[in-house]
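Survey of secondary and tertiary structure
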Amino acid sequence: MSLTKPFCEYNEMLSLLNQRKMKFKDKTYALKKLSQIGYYRLSGFWYVARQQSGNILTEDFISGTYFESICELYIFDKKLRILLLDIIERIEIHIRNIIAHELGRIDPLAYQYAYFIDKSQRSRHQQWLADLDKKVKRSQDDFILHYVNQGKPIPFWVIVNVWDFGSLSKYYSLLDKTHQDTIVKYFNIDRATFGNWLQQLNYLRNCAAHHNRVWNRLFSSDIVIPTGSESRFKRYKKATSYFDKLPIYDPKRVFSRIAVLWFLVSQFSQNYKWLDKLDRLTNKFPTIPNVRISSMGFHSSHTNFPITDFS
């Protein structure tokens, strides 16, 4: 007995979709996209457009489901991921610079020393340093080789340029609370929330960078959303006045993460037109049976993307 599904040629995949009541405007185009993207990858985008029988999704598609519209949703998600990587890059570089500048002022090699680290995290700091050393050894960047070839220690403001978002998030989590407070004062939020944000945005960044679907993804963990009703956020008026206005219904969906990204970038950049690009993209959300933009994580009463310029 076969332990896996049988192999199918592209024309067989097309016939199978046709049998399951998928509609096509151009079957030549459909064959091309199946060969470029793959049946399995596209299935993540047509999954919710399948007919339901009781609590079970059947193999057949809801009437009016067009293959071309599924491809539009795929392209929508791709463009969304590109936009997410753009804003995450801006935030990541800014935070790296703050850490390197603030701690480098105290000691140019602060990242190496345990006395900057919370006492309970010092064993993890050693592992973090070992991982950083591997990044340095792999690097072929001139700014790293300049120090390596001369046998000189690498200053904080140089070495942060080989960090990835994961390195950044982990280093922040290791720091003594005093140094965490020095960093978060730039973002008008408490240190615990900021740490949660870094962890969740790192996972989002990895999803986007590795081409994983994000538009309706249910992430495994909540991202913290500051609200005026919680006493721990009372002093953070800028954050609560912003988040309290947003129709976030699920902190495991991408909209909650977009809201956090926009809050963070708005603390240091006022002329960034990213939100305009996002709004234009969401205004072109494709029409597919049972597929709703609100699955990104905001209340369905909103037909347009419900974030305006920060104020």
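My aim in this report is to walk through the structure given alongside it, one point at a time. Every value quoted in this text rests on a predicted model; they were computed, and no experiment measured them.

What follows covers the overall build of the protein chain. Each helix and strand counted, the protein chain has 13 helices and two strands in total. With the principal axes as the frame, the protein chain shows a C-alpha extent of 70 × 50 × 40 Å. Counting only contacts in the protein chain whose residues sit at least 6 apart along the sequence, the fraction spanning at least 24 positions is 68%. In the structure as shown, the protein chain presents an accessible area of about 16,600 Å², 48% of it carried by carbon and sulfur atoms.

The subject of this paragraph is the side chain of Glu102. Note that Glu102 resides in helix H4 (residues 67-106). Reaching out from Glu102, the side chain makes a polar contact with the side chain of Tyr186 at a distance of 2.3 Å. Residues within four places of Glu102 in sequence aside, it is in contact with Thr182 and Tyr186.

With that settled, consider the nonpolar core. Phe156, Trp163, Tyr171 and Phe243 are the most contacted members of the largest nonpolar core, which has 99 residues in total. Examining the composition of this core, we find that 17 residues originate from one element, H4, more than from any other. For Trp163, the contacting residues outside a window of four places in its chain are Glu92, Arg96, Ile99, Trp128, Leu132, Phe156, Leu168 and Tyr171.

One non-glycine residue, Lys21, lies in positive phi territory at about 75 degrees. A positive phi is found at His211, a non-glycine position, where the angle reads about 65 degrees. Relative to the helices and strands, His211 resides in the loop between helix H10 (191-209) and helix H11 (237-243). Overall, His211 belongs to the partly exposed group, its relative accessible area being 47%.

The rules we used
Residues numbered from 1 in each chain as written. Predicted model: local features only at pLDDT ≥ 70, side-chain atom pairs only at ≥ 80, totals over all residues. Heavy atoms only, no water. Helix = DSSP H or I, 4+ residues; strand = E, 2+ residues; numbered from the N terminus. Contact = heavy atoms within 4.5 Å. Areas by Shrake-Rupley, 256 points an atom, 1.4 Å probe, with all protein chains shown as cover. Polar contact = N/O pair within 3.5 Å; in protein donor to acceptor, adjacent residues only side chain to side chain. Core = buried A, V, L, I, M, F, W, Y, C linked by side-chain atoms within 4.5 Å. Buried < 20%, exposed > 50% of the residue type's maximum accessible area, 1.4 Å probe, protein only.

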